[in-house]
Amino acid sequence: MSSAAFRDILAGAARGEEAAWRALYRDLGPAVAGYLSAAGVDTGAQVAVDRIFVRLGELLTSFRGGERELRRLAFSMAHAEGRERRSLVDLAYSDPSTSYQFAPGELRVRRLVNLLERDERDALLLCVLGQLSVQQTARILEAPSDEVVGLLRRSLVAIAVEVAPGTSSTPAIRMVRSLSRDEVEQVVAGRPAGKTELDGIRVFLISLKSAFFEMPSQDVESRHVGMAVSAARSMAAPESDLR
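Residues numbered from 1 in each chain as written. Predicted model: local features only at pLDDT ≥ 70, side-chain atom pairs only at ≥ 80, totals over all residues. Heavy atoms only, no water.

Peer 1: What is the right way to look at the overall build of the protein chain in this model?
Peer 2: Within the protein chain one finds 13 helices and zero strands. Walking the protein chain from its N terminus toward its C terminus, one meets helices and strands in the order α-α-α-α-α-α-α-α-α-α-α-α-α. Burial analysis of the protein chain (243 residues in total) assigns 48% to the buried set. (Helix = DSSP H or I, 4+ residues; strand = E, 2+ residues; numbered from the N terminus. Buried < 20%, exposed > 50% of the residue type's maximum accessible area, 1.4 Å probe, protein only.)

Structure, rendered in structure tokens:
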């Protein structure tokens, strides 16, 4: 989307226009819901999405930024929701293979994500699902950028072992450990880096997006959009104030 087109959508959303909010929701909503699910907010994830879009509706009248800044804001809220949820309930590891709602490929992805350390999982999901940069992710995690790169590198090593068990994973592990910060960021962003040793990791990351990209029903989408529209309209200045 061009920056001019996004500014038009953002302006319409700030006025409480439903079409603009549907455009924003379809870009952000499924990924935000997927992030919350992957972060452990299986129950109450849609309620958390409600709160996030209401808050976005309240903030848009004073928001000054572009598409990347809005995405960072939305996922910052999602991360806070996930962190709060984890502090309220015991999120002991649960094997997703006990659930019959996932296809085998999706089970594989969810099992590995569950086995990552919490900080590793958060960094990977913010970069992959949120499409955030290392710097944006570092701001959300309140950590130095180099620390986030280290978390991502460990996540990629775990993926390398998953996609090529045993000694066959050695070339990919060596390659991951030799990647620069920019190259790590390119891999998690899905941009080709020209290293065939990492092809298995790239395919896995594509599967990760599919596994956690939660497309809502029409009713759920309409509820989220309606709440955002109401919040935005409540914050918009009356026409008499604009004359």
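Peer 1: Explain the side chain of T137 here, please?
Peer 2: Within the element layout of this structure, T137 appears in helix 7 (residues 134–141). Engagement of the side chain of T137 in a polar contact is seen with the backbone oxygen of S133, the distance being 2.9 Å. Ignoring sequence-local partners within four residues, the contact set of T137 consists of A123, L126, C127, L132 and V148. (Polar contact = N/O pair within 3.5 Å; in protein donor to acceptor, adjacent residues only side chain to side chain. Contact = heavy atoms within 4.5 Å.)

Peer 1: How should I be thinking about the packing of aromatic side chains in this particular structure?
Peer 2: Centre-to-centre distance and the angle between the planes together describe a pair of aromatic rings. As enumerated under the stated definition, the model contains three aromatic pairs in all. On the basis of an interplanar angle of 85° and a centroid distance of 6.1 Å, the ring pair of Y35 and F75 is categorised as edge-to-face. In this pair, Y35 is assigned in helix 2 (residues 18–38) and F75 in helix 4 (residues 67–88), connecting sequence segments 40 residues apart. Take F75: its relative accessible area is 0%, and that puts it in the buried class. The structure contains a cluster of three or more aromatic residues connected by ring pairs, namely W21, Y25 and F53. (Phe/Tyr/Trp six-rings, centres within 6.5 Å; stacked < 30°, edge-to-face > 60°.)

Peer 1: Even after reading the chapter, I still don't get the packing of helix 3 (residues 45–59) against helix 12 (residues 218–235), so can you show me in this structure?
Peer 2: In a pair of packed helices, the angle between the axes and the distance between the axes together describe the arrangement. The interhelical angle for the contact between helix 3 and helix 12, taken along N-to-C directions, is 30°, at an axis separation of 7 Å. Between helix 3 and helix 12, the interaxial angle falls into the category roughly parallel. Note on packing geometry: the crossing formed by helix 3 with helix 12 is right-handed. Counted together, Q46, V49, D50, F53, V54, G57 and E58 of helix 3 and V220, R223, H224, M227, A228, A231, A232 and M235 of helix 12 form the full contact between these two elements. Counted by class, the contact of helix 3 with helix 12 contains nine nonpolar, three polar and three charged residues. (Axes fitted to C-alpha atoms, helices over the stretch in contact; angles between N-to-C directions. Parallel < 35°, antiparallel > 145°, perpendicular 65-115°, else oblique. Left-handed = near helix turned anticlockwise from the far one by under 90°. Nonpolar A, V, L, I, M, F, W, Y, C, P; charged D, E, K, R; others polar.)

Peer 1: I would appreciate a short explanation of unusual backbone geometry in the present structure.
Peer 2: What is expected of a backbone is that most residues other than glycine have negative phi and most peptide bonds are trans. Look at Q131: it is not a glycine, yet its phi comes out positive at around 55°. In this fold, Q131 is placed in the loop between helix 6 (118–128) and helix 7. Backbone geometry places E142, a non-glycine residue, at a positive phi of 55°. Inspection of the secondary structure puts E142 in the loop between helix 7 and helix 8 (145–163). Assessed through its relative accessible area of 70%, E142 is described here as exposed.

Peer 1: How should I be thinking about the environment of Y35 in this particular structure?
Peer 2: Assessed through its relative accessible area of 1%, Y35 is described here as buried. Note: C-alpha distance between Y35 and A45 (10 residues apart in sequence) is 9.3 Å.

Peer 1: Quick question: what am I supposed to make of the layout of surface pockets here?
Peer 2: Regions of empty space are outlined by a rolling probe, equal in size to a water molecule, passed over the atoms. Put simply, the second largest pocket is a space of about 280 Å³. In terms of lining, the second largest pocket is formed by 14 residues, of which the most central are R68, Q131, L132, A189 and R191. Contributing elements (two or more residues each) for the lining of the second largest pocket: helix 4, helix 6 and helix 10 (181–188). It is helix 4 that contributes the most residues to the lining of the second largest pocket, three residues altogether. (1 Å grid on protein atoms, 1.4 Å probe; cavity = no way out; pocket = protein on both sides within 12 Å on 5 of 7 lines; lining within 4 Å. Points joined across faces, edges and corners; volume = space filled by probe spheres on them.)

Peer 1: Is there a simple way to think about the pattern of salt bridges in this case?
Peer 2: Side chains bearing opposite charge may pair, as long as their charged atoms lie close to each other. This structure, assessed with the given rule, holds 12 salt bridges. The partner of E17 in a salt bridge is R15, with the nearest N and O atoms 2.9 Å apart. Several salt bridges share partner residues, and in doing so they unite E18, R22, R26 and E221 into one network. (Salt bridge = Lys/Arg side-chain N within 4 Å of Asp/Glu carboxyl O.)

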